[in-house]
Amino acid sequence: MDIRRILGLPDVLEVKKIVCVQPHPDDNEVGAAGTIYELAQRGCEIVYITVTDGRGSGSTGEIEPEAIAAIRRQERLAAGDILGVSKHIALDLPDMGNYTEEELLAKLIPIIREEKPDMLFTVDPWMPYEAHPDHIKTGKAVASAMLFSSNEILFPGSKPYDVPQIAFYATSHPNTFIDVTSHWETKMASILAHKSQFDHVNWPLVKGYFDYQAVQMYGKLKQDPEAKGYAEAFKVLTSHQLHFFPSALYS
Ligand SMILES: [Zn+2]
């Protein structure tokens, strides 16, 4: 049973507005830049929400966390310009801060109600072995926000909105593969816009890993492991599948 078909929901590349919620300033690019760029080319409106300011990354002790956060803000804007992001919302929570999932949920709901996306994008918090609290809290808070944005009783104060679909990237259980072969260099450029994170001696190794993963996903898309190309993988679900829906894992 394909619940998305029954509900008449559009495919990923047919949506008109997306909100991409990333734990750190570079996660959207690593997870979904090719698809985001393709959507922007098709006229889709792209909004980014960035949960943390990235101050905890790449510190060598030679630079203050506030300075790292400022650098990462500029890198985030530059990456968004490459992809066609039209709006940035920064929650500016600290990396590994002691914010709770519930606090993040309360921040996300009014924004989602205001932006009214056709589809949310975020990290998959149920990826086995994911150990980073920012990723787990962000993915879960976004999923909960999808459930409760339509609930005015539990979350009063702004007009309810029902988000139709969500696409989790960095997922171990993908059900949707997007061909991003023609956008691969653009994706790499958007990742390299995060100079403080990727423009270093290990970049060839990191890029090799990204290439390998995307080639594997392309093989799944074409159902041919020898196929040559790059794809991004997502777990696309409806709000119905985010509660009491055991088969969501296999959909
Ligand atoms: Zn991250």
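Here, every reference points to the structure presented above.
A few points on the structure. Bear in mind the structure is a predicted one, so any value in this text is a computation, not a measurement. (Residues numbered from 1 in each chain as written. Predicted model: local features only at pLDDT ≥ 70, side-chain atom pairs only at ≥ 80, totals over all residues. Heavy atoms only, no water.)

### Some words on the overall build of the protein chain
Part 1: Regarding its fold elements, the protein chain presents eight helices and seven strands.
Part 2: Compactness check: the protein chain gives a C-alpha radius of gyration of 18 Å against a globular reference of 18 Å for 251 residues, within 12% of the reference.
Part 3: If one aligns the C-alpha atoms of the protein chain with their principal axes, the spans along those axes are about 50 × 45 × 35 Å.
Part 4: Buried positions account for 49% of the 251 residues belonging to the protein chain.
Part 5: Sequence separation of at least 24 residues holds for 77% of the intrachain contacts in the protein chain that already meet a minimum separation of 6.
Part 6: Of the roughly 12100 Å² that the protein chain leaves accessible, carbon and sulfur atoms contribute 55%.
Part 7: Averaging the coordinates of the 23 positive side-chain charges in the protein chain and doing the same for the 34 negative ones gives two points 4 Å apart. (Helix = DSSP H or I, 4+ residues; strand = E, 2+ residues; numbered from the N terminus. Rg over C-alpha atoms; globule rule 2.2 N^0.38 Å. Buried < 20%, exposed > 50% of the residue type's maximum accessible area, 1.4 Å probe, protein only. Contact = heavy atoms within 4.5 Å. Areas by Shrake-Rupley, 256 points an atom, 1.4 Å probe, with all protein chains shown as cover. Lys, Arg positive; Asp, Glu negative; His and termini not counted. Charge placed at Lys NZ, Arg CZ, Asp CG, Glu CD.)

### Some thoughts on the coordination of the zinc ion
Part 1: Protein-derived coordination of the zinc ion comes from H24 (ND1), D27 (OD), D27 (OD) and H135 (NE2), at a distance range of 2.0 to 2.4 Å.
Part 2: For the zinc ion, the donor residues sit on a single chain with the sequence spacing H-x2-D-x107-H. Pair noted here: D27 is in helix α2 (residues 27-41) and H135 is in helix α5 (residues 133-148), with a separation of 108 residues, a long-range link.
Part 3: For D27, a relative accessible area of 11% corresponds to the buried category. (Donors = N, O, S within 2.8 Å, 3.2 Å for Na, K, Ca; no water.)

### Let's talk about the environment of L120
Part 1: Counting through the fold element by element, L120 comes out in strand β4 (residues 119-123).
Part 2: For the pair L120 and C20, spaced 100 residues apart in sequence, the C-alpha separation works out to 5.8 Å.
Part 3: Setting aside residues no more than four positions away along its own chain, L120 makes contact with V19, I112, V142, M146, V163, Q165, I166 and A167.

### Considering the nonpolar core
Part 1: Within the largest apolar cluster, 30 residues are counted, with the highest numbers of intra-cluster contacts made by I18, I36, I46, M119, F121 and F234.
Part 2: Elements with a contribution of two residues or more to this core: β1 (17-22), α2, β2 (45-52), β4, β5 (165-169), α6 (184-192), α8 (203-222) and β7 (231-238).
Part 3: Core analysis: the second largest hydrophobic core is formed by 28 residues, I89, Y99, I112 and A248 among them. (Core = buried A, V, L, I, M, F, W, Y, C linked by side-chain atoms within 4.5 Å.)

### As for the packing of aromatic side chains
Part 1: All told, the structure shown has eight aromatic pairs when counted by the stated rule.
Part 2: Grouping aromatic residues by their ring pairs yields a cluster made of F198, W203, Y209 and F210.
Part 3: Residue placement shows K137 over the ring face of Y99; its charged tip is 3.8 Å from the ring centre. (Phe/Tyr/Trp six-rings, centres within 6.5 Å; stacked < 30°, edge-to-face > 60°. Lys NZ or Arg CZ within 6 Å of the ring centre and 35° of its normal.)

### What about unusual backbone geometry?
Part 1: A positive phi angle, near 75°, is found at Y129, a position not held by glycine.
Part 2: Assignment of secondary structure puts Y129 in the loop between β4 and α5.
Part 3: Judged by its relative accessible area of 82%, Y129 is exposed.
Part 4: Backbone geometry at F244 places phi at a positive 55°, although glycine is not the residue there.
Part 5: Mapped onto the secondary structure, F244 falls in the segment after β7.

### What about the layout of surface pockets?
Part 1: When its volume is computed, the largest pocket comes out at roughly 690 Å³.
Part 2: Around the largest pocket sit 24 residues that line it, and V30, G31, A170, Y209 and Q213 are the ones nearest its centre.
Part 3: Among the elements of the structure, α2, α6, α8 and β7 are those that each provide at least two residues to the lining of the largest pocket.
Part 4: A total of five residues in the lining of the largest pocket trace back to one element, the largest contributor, which is α8. (1 Å grid on protein atoms, 1.4 Å probe; cavity = no way out; pocket = protein on both sides within 12 Å on 5 of 7 lines; lining within 4 Å. Points joined across faces, edges and corners; volume = space filled by probe spheres on them.)

### Points about the packing of α6 against α8
The axes of two packed helices give the description: the angle between them and the distance between them.
Part 1: For the pair α6 and α8, the least separation of the axes is 12 Å and the interaxial angle reads 140°. One element, α6, and the other, α8, form an angle in the oblique class. Crossing geometry of α6 relative to α8 is assigned as right-handed. Together, W184, M188, I191 and L192 of α6 and W203, K207, F210, D211 and A214 of α8 make up the contact between the two elements.
Part 2: Grouping the amino acids of the contact of α6 with α8 by side-chain chemistry returns seven nonpolar, no polar and two charged. (Axes fitted to C-alpha atoms, helices over the stretch in contact; angles between N-to-C directions. Parallel < 35°, antiparallel > 145°, perpendicular 65-115°, else oblique. Left-handed = near helix turned anticlockwise from the far one by under 90°. Nonpolar A, V, L, I, M, F, W, Y, C, P; charged D, E, K, R; others polar.)

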